[in-house]
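# Analysis of the macromolecular model
So you can see what is in the structure, the chains are spelled out below.
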Amino acid sequence: MRPLRQLPTRLVAAALLITLTARASDKPRPAPPVKPASQYVMNEAHPNERVTVAADPCVDEADCKFFRLPYTNHGFLPVRVIITNERDQILQLDQARIQFYPASGEKEAAATDDDLNRRLFNGKDAAGTKLPVIPIVIHHQPVDQKILNDDTDFGFASLEVPPHSTRAGYVFYDTRAIDDPVMKDAELYVKEIYTTDEKGAKLQLFAFTLPFNKWLAAHPADPGTKPPEKK
């Protein structure tokens, strides 16, 4: 292969244009601004613990255009989880579980990047490993860069929520095997968030239970069903 300096100028320019175009096309639109958890209809506040957790599902693909890939069209339900910490101590999320409980059937752990990759890119031979904590993942095959970039841009950027602040991130649930309407009578269960008390002793918060019926009541035009899956 010839050194780059020996390639025709037009080929070098074309290659540079392709690279710049690819980078530009990968740049996502911004997600909706994060509000305090109490401002979302699907929330639960623990006044004694001074923590509120909320969830905001993204049901319609038209409302999820900031993602690089059409996850809802492949059987996934993206849910934004919002945590507001009014305490004077940091919240630790490194052991947090965020689980989807359908009206019937088994609970669903949040999908890993590998789960998303296998579904969207048909990696039939890959064997992924679901871990209950976020965002640590074991990869058994290369994950598409767009999925990794979406995780970086829209997932939880940190496993800590500083005092008197709000943090948010998207998690995804595989709803393909769940009967419609997926969200009716379903719940999001958030547990094992840790902090410390005034004396510095480790403290586990009570679990948060978020009924999707709250969101459906505020969005009566949305039946809570999954969109038809695109092949």
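In case you missed it, the structure is sitting above this.
A short tour of the structure in this document, coming up.

Cut-off values and rules
- Residues numbered from 1 in each chain as written.
- Predicted model: local features only at pLDDT ≥ 70, side-chain atom pairs only at ≥ 80, totals over all residues.
- Heavy atoms only, no water.
- Buried < 20%, exposed > 50% of the residue type's maximum accessible area, 1.4 Å probe, protein only.
- Helix = DSSP H or I, 4+ residues; strand = E, 2+ residues; numbered from the N terminus.
- Arc of directions from axis to C-beta.
- Polar contact = N/O pair within 3.5 Å; in protein donor to acceptor, adjacent residues only side chain to side chain.
- Core = buried A, V, L, I, M, F, W, Y, C linked by side-chain atoms within 4.5 Å.
- Contact = heavy atoms within 4.5 Å.
- Disulfide = S-S within 2.5 Å.
- Pairing = 2+ DSSP bridges.
- Axes fitted to C-alpha atoms, helices over the stretch in contact; angles between N-to-C directions.

### Focus: helix α3 (residues 145-154)
For α3, the set of buried residues is Ile147, Asn149, Asp150 and Phe154. Along α3, the residues classed as buried sweep out an arc of 160° about the axis, all on the same side. Capping of α3 at its N-terminal end is provided by Asp144; its side-chain oxygen lies 2.9 Å from the backbone amide nitrogen of Lys146.

### Quick notes on the nonpolar core
Of all hydrophobic cores here, the largest spans 32 residues; its most connected members are Ile83, Leu188 and Ile193. Every element with two or more residues in this core is listed here: β2 (51-57), β3 (76-85), β5 (97-101), β8 (165-174), β9 (187-191), β12 (208-211) and α4 (212-218). Excluding its chain neighbours within four sequence positions, the residues that come into contact with Ile193 are Val53, Ile83, Leu91, Gln92, Leu93, Ala96, Leu203, Gln204, Leu205 and Phe208. Counting 16 residues, the second largest nonpolar core, distinct from the first, contains Leu69, Tyr71, Phe76 and Leu120.

### A short note on the state of the cysteines
Evaluation of the coordinates by the stated rule reveals 1 disulfide. Two residues share a disulfide in this structure: Cys58 and Cys64, whose sulfurs sit 1.9 Å from each other. The sign of the S-S torsion, about -130°, decides the handedness of the disulfide formed by Cys58 and Cys64: left-handed.

### Structural notes on the sheet that holds strand β1 (residues 43-46)
What the 4 strands build is an open sheet, ordered β1-β2-β3-β8; its pairing is antiparallel. Whereas interior strands pair on both sides, the edge strands pair on one side only; in this sheet they are β1 and β8. Each neighbouring strand pair of the sheet contributes to a mean axis angle of 15°, computed without reference to strand direction. In terms of strand pairing, β2 meets β3 through 7 bridges, oriented antiparallel. Looking at the pairing, Pro57 lines up with Val79 of β3. Packed on one face of the sheet, helix α2 (residues 113-121) meets β3 and β8 and runs near 155° to β3.

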